[in-house]
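One-letter residues, chain by chain:
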Amino acid sequence: ILNENYEVQFTVTGNSMRPLLSHGRDSVIVERCDKSDLKKGDIVLLRAAEGRYLLHRIKVIKDELICTAGDANSFTDGFFPKDAVIAKVKKIVRKGKTHDMNEPSLQIYGKIWLSLYPIRPQVIKIAKKIKK
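K.L.:
Report on the overall build of the protein chain, specifying residues and quantitative values.
P.N.:
Scanning the protein chain for helices and strands turns up two helices and eight strands. Counting from the amino terminus, helix and strand elements in the protein chain follow one another as β-β-β-β-β-β-β-β-α-α. For a compact globule of 132 residues, the expected C-alpha radius of gyration is about 14 Å, and the protein chain comes in at 14 Å, within 12% of that figure. Overall, the C-alpha framework of the protein chain stretches about 45 × 35 × 30 Å when taken along its three principal axes. Taken across its 132 residues, the protein chain has 38% of its residues classed as buried. Relative to all contacts within the protein chain whose residues are 6 or more apart in sequence, the contacts with residues 24 or more apart total 49%. Split by element, the accessible area of the protein chain, about 8100 Å² in all, is 54% carbon and sulfur. For the protein chain, the distance from the average position of its 25 positive side-chain charges to the average position of its 15 negative side-chain charges is 11 Å.

Shown next as structure tokens:
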């Protein structure tokens, strides 16, 4: 479907992209992308060598390799060839409302969250305490 330039929507499973994406609640709309246009902060769907699929944010780009991490993770997934990328998240659907990844608020969120990478566990703990 992606190879025919259609968008695909699916519900997120797992909690590795919290707080942006929640398991079973949120959906993403992905589209095929030009691998040369990938940039740090993009959320991509990729297929790892062992066959599992990941929907994670690009943390580092080094030549033809990308390193990804889930927003809730304090570790990276390691490096993957850009060819492992199947699609890029174009939109997020939460509670029936669609949000474009180019919205300034989502762009700022992505940049801030990437900069917090080393202290994410502490930030998440504090946020949970505040929420309670």
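Still more to cover.
K.L.:
Residues and numbers for a positive patch on the surface, please.
P.N.:
Among the surface-exposed residues, R18, K95, K125, K128, K129, K131 and K132 lie close enough to one another that they form a single positively charged patch. With respect to the helices and strands, the residue K132 is situated in the segment after α2 (120–131). Its relative accessible area of 87% is what places K132 among the exposed residues.

K.L.:
Explain the pairing of strand β3 (residues 43–47) to me, using residue names and the numbers behind them.
P.N.:
Of all five residues in β3, four are buried; the element is thus mostly enclosed. The sheet contact formed by β3 and strand β4 (residues 53–62) spans five bridges and is antiparallel. The residue of β4 that forms the bridge with L45 is L55. With antiparallel pairing between neighbouring strands as the criterion, β3 and β4 make up a hairpin whose turn holds five residues, including G51 at a positive phi of roughly 95°. By the bridge criterion, three bridges tie β3 to strand β7 (residues 85–94) in an arrangement that is antiparallel. Pairing of V44 across the sheet is with K88, part of β7.

Thresholds, definitions, all that
Residues numbered from 1 in each chain as written. Predicted model: local features only at pLDDT ≥ 70, side-chain atom pairs only at ≥ 80, totals over all residues. Heavy atoms only, no water. Helix = DSSP H or I, 4+ residues; strand = E, 2+ residues; numbered from the N terminus. Rg over C-alpha atoms; globule rule 2.2 N^0.38 Å. Buried < 20%, exposed > 50% of the residue type's maximum accessible area, 1.4 Å probe, protein only. Contact = heavy atoms within 4.5 Å. Areas by Shrake-Rupley, 256 points an atom, 1.4 Å probe, with all protein chains shown as cover. Lys, Arg positive; Asp, Glu negative; His and termini not counted. Charge placed at Lys NZ, Arg CZ, Asp CG, Glu CD. Patch = residues over 30% accessible without salt bridge, like charges linked within 9 Å, V, L, I, M, F, W, Y side chains within 5 Å. Salt bridge = Lys/Arg side-chain N within 4 Å of Asp/Glu carboxyl O. Pairing = 2+ DSSP bridges.

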